[in-house]
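Chain by chain, the residues run as shown.
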Amino acid sequence: MLDVVNLSCQRGERRLFSGLTLSVASGKLLAVSGENGSGKTSLLRMLCGLLPPEQGTIRWQGTPVGELGESYRGQFTYIGHLNGLKDDLTPLENLQFAARLAGVEATEAACREALQAVGLGPQIQRLPSGVLSQGQKRRSALARLWVSMRPLWILDEPFAALDDAATRSLTRRLEAHVKGGGIVVASTHQEIGVAPEFMQQARLAG
Amino acid sequence: MSVTDINWFKYSSPQALYPLAGKLTPWFSALAVILMGAGLYIGLLLAPTDFQQGDSYRIIFVHVPAAWMSMFLYVVMALWAAIGLGLKARPSYMMAQAIAPTGAMFTFLALLTGSLWGKPTWGTWWVWDARLTSELILFFLYLGVMLLRTSIDDARRADRASAVFALVGVVNVPIIYFSVQWWNTLHQGASVSATAAPKMAAMMLLAMLIMSLGFWMYSIAVILARLRCVIREREERSSVAGQVERPVAVGGV
Amino acid sequence: MTQLGLTDAVRDVIRRDLLVALRRRADALTTVVFFVIVTSLFPLGIGPEPAVLRMIAPGVLWVAALLSCLLSLGRLFTTDYVDGVLEQLVLVPQPLTVLVGAKVAAHWLISGLPIVLLAPVLGLQYGLGGDVLGVLTLSLLLGTPTLSLIGAIGAALTLGVRGSHVLIALLVLPLFIPVLIFGAGAVTSYIAGIGVEANLSLLGACLMLAVVLAPWATAAALRIALE
Amino acid sequence: MQWNSLSEFLAMGGYGFYVWVSFGATALCLIGEVVLVRRRHAAVADGDGGGVS
């Protein structure tokens, strides 16, 4: 259960949104839409604590995240605009480091499987990430969701730069996560093909 | 009226601070003029000639107060920076921002007059004495705080980054001072001992104290005036950028 | 799948940075080559007089080490900042100060340790004797981690800032002064026969203080930079 | 009064140059700072007459 109460965001001298209140129940996917610059990214960064809110509170399972501190960071997986990949490491190495730093000892087999699931085959897994295309890099970053054990996923434009196959694969993964009682908060420009009963919408008006 | 009736947070918003600073500035300016006038009168006209250094010692009537102010203002700036970081209070960052240029100016003056005092006293413009060297480092630290602020566009980030650096500096200045003193003992003979301060006659001490007070009042006046500029500049930037309250529509399914 | 603790996270942060440095050897080599060139230039500029060279050696080697450290600081957080790895690091459910300590440790292993190991060789160019070289190496071993720790604060503060290369020098070099004085002082006083314990103890004290305070300031600066 | 004549005062026992440059530079810096702050204030206040809302 993720609650946002009366949240305000000011970036630089601009007020992006104020008085934002919403609630996402377990087993739901919240799709955040809105124009460029309406504060989607800022909202997601606030949800994961990268950006302290100007006003308002964010609660995880009823407790304000400020009080949860470090343990809250163990509750979610965040994939932002940036892929968080080192160009000099292979997708496999990147995924293994990311999983281990998230506190999970993911085996090499599990990581290979995750990369395979996003359509990065054994050959690509051996290349340095720097030579991959934008779409491949994005998929390589999203592979973290296949090894993530966290209940809350915060995803910034997860479908950007993905082809149809990868979009379908990601949609299935998201649906499986919410069906299992997880929560997804994703900013997006397009429709998400998850079954409507799992969906919640929020629109940041520009 | 009991103490609890006073709302101490009344002046914690820039809107309330602005007129307050405006009201206080003339008083501190007047005090500064009177005290500096008196200090100059006593220091230049009444105080006796020092039997060791002759009249060159009179430089300390500006040098010592400038040096004191430079260090004092750095500590005050760091204090405001710490309050800003601790309480997330915008006005204290503004205070820190307003203090820095005046502190840097006094540091520069302390270096310049110290050098002008050193030439007739030690026969050289510069000695690597712990106090002068620390003053030089202090000057660099002030420049660092100011340049870090101006190179960051986002006001919030600029406030907090320069506050962190100001605090790092305040921890380091005593260590630097100690290390340079240590260095001086290692390289004996390479420098002149700077502790040969003249034995102060009461009149000299009085002049120095009054000048210090005058500099202090001057600093408060000019810092408050600059604080007003800072408040206005920030207000203007936010109004130009369009501080529009955007309505938010949230629909659940 | 087992849960991993803080020591695992620290080891992984260091391992990842070392692996990246290994794949990108040119970066780490630049720092070392810079150190070698700077120290080799001084005798050419000053003249081959052995007594003079012996006298300036501690200062020159230490200043060169300090500048090499400064040169390598730009890489400490910048690439992680650009590719988003830093963002992920901040979100790791472990204390950021400790993870920052791990980043700094990796930085020291990549750009500090090679200098410590090279210094005695370069000291030979200045006609320093065996025991003096030992003191020099020891002083660098104690001092260069402090440089990395202090430098990390400057690197974090100037992250993504206009003209950060020049700014970082202005912020960090004044803070390096005590380390320079105690480090070069240890060698100088050994040559002068005064004894090195005091200087080395002070270098150690600086290191302790930096270990306690610098990661904390760096972590704060990183959070500010990522907002 | 310490001095017998104006020229003696200005000479400062032979240290006139050092003393007057010190005091002059200080005066220049303080006055200069005040002028700069006033200009800054004028530049900000320009355009809108009112105070801070």
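If you're wondering where the values come from, they're calculated on a predicted model, not measured in any experiment.

Cut-offs applied
Residues numbered from 1 in each chain as written. Chains lettered and ligands numbered in written order. Predicted model: local features only at pLDDT ≥ 70, side-chain atom pairs only at ≥ 80, totals over all residues. Heavy atoms only, no water. Helix = DSSP H or I, 4+ residues; strand = E, 2+ residues; numbered from the N terminus. Rg over C-alpha atoms; globule rule 2.2 N^0.38 Å. Buried < 20%, exposed > 50% of the residue type's maximum accessible area, 1.4 Å probe, protein only. Contact = heavy atoms within 4.5 Å. Areas by Shrake-Rupley, 256 points an atom, 1.4 Å probe, with all protein chains shown as cover. Salt bridge = Lys/Arg side-chain N within 4 Å of Asp/Glu carboxyl O. Polar contact = N/O pair within 3.5 Å; in protein donor to acceptor, adjacent residues only side chain to side chain. Buried area = accessible area lost by both parts, 1.4 Å probe. Nonpolar A, V, L, I, M, F, W, Y, C, P; charged D, E, K, R; others polar. Expected span 1.5 Å × (residues − 1). Bend = angle between axes of the 7 residues up to and from the residue. Axes fitted to C-alpha atoms, helices over the stretch in contact; angles between N-to-C directions. Parallel < 35°, antiparallel > 145°, perpendicular 65-115°, else oblique. Left-handed = near helix turned anticlockwise from the far one by under 90°. Pairing = 2+ DSSP bridges. Patch = residues over 30% accessible without salt bridge, like charges linked within 9 Å, V, L, I, M, F, W, Y side chains within 5 Å. Core = buried A, V, L, I, M, F, W, Y, C linked by side-chain atoms within 4.5 Å. Phe/Tyr/Trp six-rings, centres within 6.5 Å; stacked < 30°, edge-to-face > 60°.

**Q** What exactly am I supposed to notice about the overall build of chain C here?
**A** The helix and strand inventory of chain C stands at 8 helices and 0 strands. In chain C, the order of α-helices and β-strands from amino to carboxyl end is α-α-α-α-α-α-α-α. Its C-alpha radius of gyration of 18 Å places chain C within 12% of the 17 Å reference for a compact globule of 227 residues. Each principal axis of the C-alpha distribution contributes one length, and for chain C these read about 60 × 35 × 30 Å. Looking at the 227 residues of chain C, the share that counts as buried comes to 58%. A fraction of 81% describes how many contacts in chain C between residues 6 or more apart in sequence connect residues 24 or more apart. When the accessible surface of chain C is split by element, carbon and sulfur atoms take 72% of a total near 8800 Å².

**Q** I tried to follow unusual backbone geometry on my own but got confused; where do I start?
**A** Among all residues except glycine, the phi angle is most often negative; among peptide bonds, the trans geometry is most common. In this model, A:Glu157 sits at a positive phi of 50°, which is unusual for a non-glycine residue. Judged by relative accessible area, which is 12%, A:Glu157 ranks as buried.

**Q** Which parts of the structure should I look at to understand the interface of chain D and chain B?
**A** Where interface size is given, it is often the accessible area lost as the parts come together that is meant. At the junction of the two partners, chain D supplies 30 residues and chain B supplies 44 residues. Summed over the shared surface of chain D and chain B, the result is 2 salt bridges. Between B:Glu233 and D:Arg40 there is a salt bridge, and its shortest N-O distance comes to 2.7 Å. For the interface between chain D and chain B, the tally reads 8 residue pairs in polar contact (both at pLDDT 80 or more).

**Q** What is the right way to look at the interface of chain C and chain A in this model?
**A** With 34 residues of chain C at the contact, the number on the chain A side is 33 residues. Counting each side, the surface lost to burial between chain C and chain A is near 3100 Å², with a carbon and sulfur contribution of 56%. At the junction of chain C with chain A, the criterion picks out 6 salt bridges. In this structure, C:Arg23 engages A:Glu93 in a salt bridge whose closest nitrogen and oxygen atoms are separated by 2.8 Å. Inspection of the region where chain C meets chain A yields 14 residue pairs in polar contact (both at pLDDT 80 or more). Among the elements of the structure, α1 (6-23), α3 (50-83), α4 (85-90) and α8 (197-226) of chain C are those that each provide at least two residues to the side of chain C that touches chain A. Across the side of chain C that touches chain A, the residue classes break down as 17 nonpolar, 6 polar and 11 charged.

**Q** Would you take a moment to explain helix α5 (residues 96-125) of chain C for this structure?
**A** Along its 30 residues, α5(C) runs 43 Å from first to last C-alpha, staying within 8% of the 44 Å computed at 1.5 Å per residue. Where α5(C) bends most, at C:Leu109, the angle is about 40°.

**Q** How should the packing of helix α3 (residues 90-122) of chain B against helix α2 (residues 16-45) of chain D be read in this particular structure?
**A** A packed helix pair is summarised by two numbers, namely the angle formed by the two axes and the spacing between the axes. At a minimum axis distance of 9 Å, the contact between α3(B) and α2(D) shows a crossing angle of 170°. It follows that α3(B) is roughly antiparallel to α2(D) by the angle criterion. Considering how the two elements wind past one another, α3(B) and α2(D) form a crossing that is right-handed. Contacts from B:Gln97, B:Pro101, B:Thr102, B:Met105, B:Phe106, B:Phe108, B:Leu109, B:Leu112, B:Thr113, B:Leu116, B:Lys119 and B:Pro120 in α3(B) reach D:Phe17, D:Tyr18, D:Val21, D:Ser22, D:Ala25, D:Thr26, D:Cys29, D:Leu30, D:Glu33 and D:Arg40 in α2(D). Each residue belonging to the contact of α3(B) with α2(D) can be placed in one class, and the counts come to 14 nonpolar, 5 polar and 3 charged.

**Q** Would you take a moment to explain the sheet that holds strand β8 (residues 183-187) of chain A for this structure?
**A** Strands belonging to one sheet form pairs held by backbone hydrogen bonds; the direction of such a pair is parallel or antiparallel. All names here are of chain A. Taken in spatial order, the 5 strands make up an open sheet running β6-β7-β8-β3-β9, and their pairing is parallel. Two strands close off the open sheet at either side, each with one partner strand: β6 (76-79) and β9 (199-204). On average, adjacent strands in this sheet sit at an angle of 15° to one another, irrespective of strand direction. Pairing of β6 with strand β7 (residues 152-156) involves 4 bridges; the strand directions are parallel. Pairing of Thr 77 across the sheet is with Trp 153, part of β7. Together, β3 (29-34), β7 and β8 form the strand contacts of helix α9 (residues 164-179), whose direction differs from that of β7 by roughly 150°.

**Q** Just to check I follow, could you spell out the arrangement of the chains for this structure?
**A** No other pair among the 4 pairs of chains in contact exceeds the contact count of chains B and D. Spatially, chain A is disjoint from chain D: no contact exists, and the shortest C-alpha separation is 16 Å. Contact between chain C and chain D is absent, and the least distance between their C-alpha atoms amounts to 24 Å.

**Q** Which parts of the structure should I look at to understand a nonpolar patch on the surface?
**A** Taken together, the side chains of B:Val171, C:Leu209, C:Val211, C:Val212 and C:Leu213 present a nonpolar region at the surface, about 400 Å² in accessible area. With 4 residues, the top contributor of residues to the nonpolar patch is α8(C). You can see C:Val211 is positioned in helix α8. Here C:Val211 falls in the partly exposed class, since its relative accessible area comes to 44%.

**Q** Please explain the nonpolar core as it appears in this structure.
**A** It is characteristic of soluble globular proteins that their nonpolar side chains tend to be buried jointly. Counting residues in each nonpolar core, the largest one holds 196 residues, and the members touching the most others are A:Leu2, B:Phe61 and B:Phe106. Each residue touching A:Leu2, except ones within four places of it in the same chain, is listed here: A:Leu22, A:Ser23, A:Val24, A:Leu47, A:Ile58, A:Arg59, A:Trp60, A:Tyr72, A:Leu152, A:Ile183 and A:Val185. Of all hydrophobic cores here, the second largest spans 20 residues; its members include A:Ala141, A:Leu142, A:Leu145 and A:Ala166.

**Q** Can you walk me through the sheet that holds strand β5 (residues 63-64) of chain A in this structure?
**A** Residue and element names in this part refer to chain A. Read across the open sheet, the 4 strands follow the order β2-β1-β4-β5; overall the sheet is antiparallel. The open sheet has two edge strands, β2 (14-24) and β5, and neither has a second partner. With 7 bridges joining them, strand β1 (residues 2-11) and β2 adopt antiparallel strand pairing. Residue pairing for β2: Cys 9 is matched across the bridge by Phe 17.

**Q** Help me understand the pattern of salt bridges, please; the structure alone is not making it clear to me.
**A** Pairing of side chains with opposite charge becomes possible as their charged atoms draw close. This structure, assessed with the given rule, holds 21 salt bridges over all chains. In this structure, the salt-bridge partner of C:Arg162 is B:Asp153, at a minimum N-O distance of 2.4 Å. Here C:Arg162 is found in the loop between α6 (130-157) and α7 (164-191), whereas its partner B:Asp153 is found in the loop between α4 (130-151) and α5 (155-186) on a different chain. Taking the relative accessible area as the measure of exposure, B:Asp153 reaches 54% and is therefore exposed.

**Q** Help me understand the pairing of strand β4 (residues 55-60) of chain A in this model?
**A** Remember that side chains alternate between the two faces of the sheet whenever the strand is regular. Residues and elements named next belong to chain A. For β1 and β4, the ladder comprises 5 bridges, and the chain directions are antiparallel. Paired with Leu 2 across the two strands is Trp 60, which belongs to β4. Across 2 bridges, the pairing between β4 and β5 is antiparallel. Bridging from a neighbouring strand, Trp 60 pairs with Thr 63 of β5. Connecting β4 to the next strand, β5, in antiparallel fashion are 2 residues, including Gln 61 with a positive phi near 50°.

**Q** I tried to follow helix α1 (residues 40-47) of chain A on my own but got confused; where do I start?
**A** Working note: α-helix, 3.6 residues per turn, so residues spaced by three or four point in the same direction. All names here are of chain A. Within α1, 7 of the 8 residues are buried, which leaves it mostly tucked inside the rest of the structure. Burial in α1 covers these residues: Lys 40, Ser 42, Leu 43, Leu 44, Arg 45, Met 46 and Leu 47. Residue Gly 49 follows α1 closely and has a positive phi angle near 85°.

**Q** How should I be thinking about the packing of aromatic side chains in this particular structure?
**A** Within a pair of aromatic rings, the relevant descriptors are the distance that separates the centres and the angle that separates the planes. Here the structure, examined in full by the defined rule, presents 19 aromatic pairs over all chains. Considering the side-chain rings of A:Tyr72 and A:Phe76, the 5.0 Å spacing of their centres and the 55° angle between planes classify their relative orientation as tilted. Per residue, the accessibility class of A:Tyr72 equals that of A:Phe76, and both read buried. Ring geometry for B:Trp128 against B:Trp183: centres 6.5 Å apart, planes inclined by 80°, an arrangement best described as edge-to-face.

Shape descriptors only; they carry no functional weight alone.
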